[in-house]
Amino acid sequence: MDHFEQMIKELQSSELPVMIYGAGAEAKTINKFLTESGINAAGFVVDEKYLPQERSLCNRSVYAIEKHLSESVCDLIVGFMGISDRKLEELRNNANIRKVYALDFPGRFVINNDAQYTDEFLRENADVLNDLRNSFSDDASRTAFDLFVSQKNSGVHSKEYSKEPQYFDSEIVPLCENEVLVDCGAYDGDSILSFLRFVDETNKNGGHAGVRKVFAFEADTKNVEMLRENLKFMDDLCIVDKGVYDHTGTLFFSNDNTTNSMISDSGVELPVTTIDEVTDGENVTFIKMDIEGSELKALHGAEKTILRCRPKLAVCVYHKREDLVTIPQYILSLHPDYKLYLRNYSPAGVETVLYAI
């Protein structure tokens with residue numbers, strides 16, 4: 001069942017006002033979704049300690065939830081990630097809330113795209129998705145796949161998620177003594193630091209791992225400044241202050257925030273390049289990609305490198321609806337003998353990584 005659709009039907013038939021619990025980016029997305037569905041939210045509520053000075057959002061008032069729920073009855077939509085089970089139970093037991101809706105909005109509206117796995121999408125791609133599921137190399141991947149697809153279809157949180165470091169899962173990824181990492185979407189260096197910890201832990205556990213070189217692709221200039229500062233101790237680091245794509249040139253990137261720069265029709269014009277051009281001649285051993293929906297394009301721009309080096313791949317497959325279809329297909333078209341794994345690293349329908357080893 002599509003619980004987003006069910007929620008809209010219930011709200012349309014309810015005479016109670018609809019309040020959105022939260023006042024951040026997700027709450028704004030929910031408000032937009034409601035408006036496009038013909039429902040006008042009455043306002044936003046937040047815990048009193050988070051009540052902003054500017055008590056208005058999207059031309060609607062922001063109230064302290066404690067005071068508002070003591071004075072009026074409403075339907076409530078949770079508008080932020082990470083709400084605790086205890087808090088949800090408290091809200092559902094509140095006599096002034098008819099119904100609480102806590103759906104996976106971050107997993108549906110990723111980078112401003114509607115990434116829901118509709119029934120139509122699942123029917124059209126049933127054979128491909130079934131083949132992919134059967135091709136995974138362990139049962140944990142098949143379980144992760146089932147829960148991910150179900151949640152992206154229904155909107156109901158059901159995912160189990162790994163506590164291993166994202167992109168560098170020790171259950172899956174083997175390391176060698178001369179790793180050459182290509183980090184696409186390096187942000188402020190957080191994933192490279194995670195990689196270095198992974199190398200250290202591998203050696204502590206009796207392995208023989210080492211880092212020969214790291215290529216860090218990052219298009220956002222503010223992120224590049226943080227990247228340089230956070231990794232200034234590294235001598236074997238090559239920072240590429242460009243986006244990574246399937247050709248060299250310039251593209252527009254949105255600049256909504258520093259963690260979510262994606263290619264768009266307008267915004268900041270930034271240079272892009274390819275992995276093949278930058279790493280030509282290097283024995284690349286590992287490529288990590290989390291680049292807000294440009295993963296397939298970047299893989300095309302790494303084709304020569306992948307064919308030549310057969311690197312380990314850790315690629316995000318949640319940004320676009322079709323990612324889980326097109327990205328594995330392309331990887332296997334280059335090397336059919338890659339072993340595929342899938343892991344979830346968030347309770348929301350995001351941070352899902354396809355590994356090719």
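Described in the following lines is the structure provided in the data block. (Residues numbered from 1 in each chain as written. Predicted model: local features only at pLDDT ≥ 70, side-chain atom pairs only at ≥ 80, totals over all residues. Heavy atoms only, no water.)

## Structural notes on the sheet that holds strand β2 (residues 43-46)
Keep this limit in mind: For two strands to be treated as a pair, DSSP must find at least two bridges joining them. A run of H or I in DSSP becomes a helix once it reaches four residues, and a run of E becomes a strand once it reaches two; helices and strands are each numbered from the N terminus. Every residue pair with non-hydrogen atoms within 4.5 Å of one another is taken to be in contact. Angles here are taken between N-to-C directions and fall from 0 to 180 degrees, while the axes themselves are lines fitted to C-alpha atoms, restricted in helices to the stretch in contact.
If you walk across this open sheet you meet the six strands as β3-β4-β2-β1-β5-β6, and the pairing is mixed. At either margin of the open sheet sits one strand with a lone partner, and together these are β3 (56-57) and β6 (97-101). The sheet contact formed by β3 and strand β4 (residues 60-64) spans two bridges and is antiparallel. The partner of Leu 57 across the bridge, within β4, is Arg 60. Against the sheet, helix α1 (residues 3-13) engages β1 (18-21), β5 (74-78) and β6, with an angle of about 160 degrees to β6. The strands touched by helix α4 (residues 85-92) within the sheet are β1, β5 and β6, with β6 carrying the most contacts at an inclination of about 150 degrees.

## Some points on the sheet that holds strand β17 (residues 340-344)
Taken in spatial order, the seven strands make up an open sheet running β11-β10-β9-β15-β16-β18-β17, and their pairing is mixed. The sheet is open, and its two edges are formed by β11 (237-240) and β17, each paired on a single side. Ignoring which end each strand starts from, the neighbouring axes of this sheet average 15 degrees apart. Relative to strand β10 (residues 211-217), strand β9 (residues 179-184) runs parallel, the two sharing six bridges. Looking at β10, one finds that Glu 179 is bridged to Val 211.

## Some details on the environment of Leu 299
Along the chain, the position of Leu 299 falls in helix α12 (residues 295-300). Residues Leu 299 and Glu 89 lie 210 residues apart in sequence; the distance between their C-alpha atoms is 44 Å. Sequence-distant contacts of Leu 299, defined by excluding residues within four places in its chain, comprise Met 289, Ile 306, Val 315, Ile 327, Tyr 330 and Ile 331.

## A short note on the pairing of β1
Definition in use: Only protein chains enter the accessibility calculation, which uses a 1.4 Å probe. A residue is then buried if its area is under 20% of the maximum for its type, exposed if over 50%, and partly exposed in between.
Neither face of β1 is exposed, since Val 18 and Ile 20 on one face and Met 19 and Tyr 21 on the opposite face are all buried. As paired strands, β1 and β5 are joined by four bridges and run parallel to one another. Looking at the pairing, Ile 20 lines up with Ile 77 of β5. Alignment of β1 against β2, held across three bridges, turns out to be parallel. Within β2, the residue paired with Met 19 across the bridge is Gly 43.

## Quick look at the packing of helix α7 (residues 126-135) against helix α8 (residues 139-154)
Counted only if it meets this: Should an angle lie under 35 degrees it is considered roughly parallel, over 145 roughly antiparallel, and from 65 to 115 roughly perpendicular; all remaining angles are considered oblique. Any residue that is not Ala, Val, Leu, Ile, Met, Phe, Trp, Tyr, Cys, Pro, Asp, Glu, Lys or Arg is counted as polar, Gly included; the first ten are nonpolar and the last four charged.
Packing of α7 against α8 leaves a shortest axis separation of 8 Å and a crossing angle of 150 degrees. On the basis of their axis angle, the class for α7 and α8 is roughly antiparallel. Note on element contacts: α8 touches α7 through Arg 142, Phe 145 and Asp 146, opposite Leu 129, Leu 132, Arg 133 and Asn 134. A per-class count over the contact of α7 with α8 returns three nonpolar, one polar and three charged.

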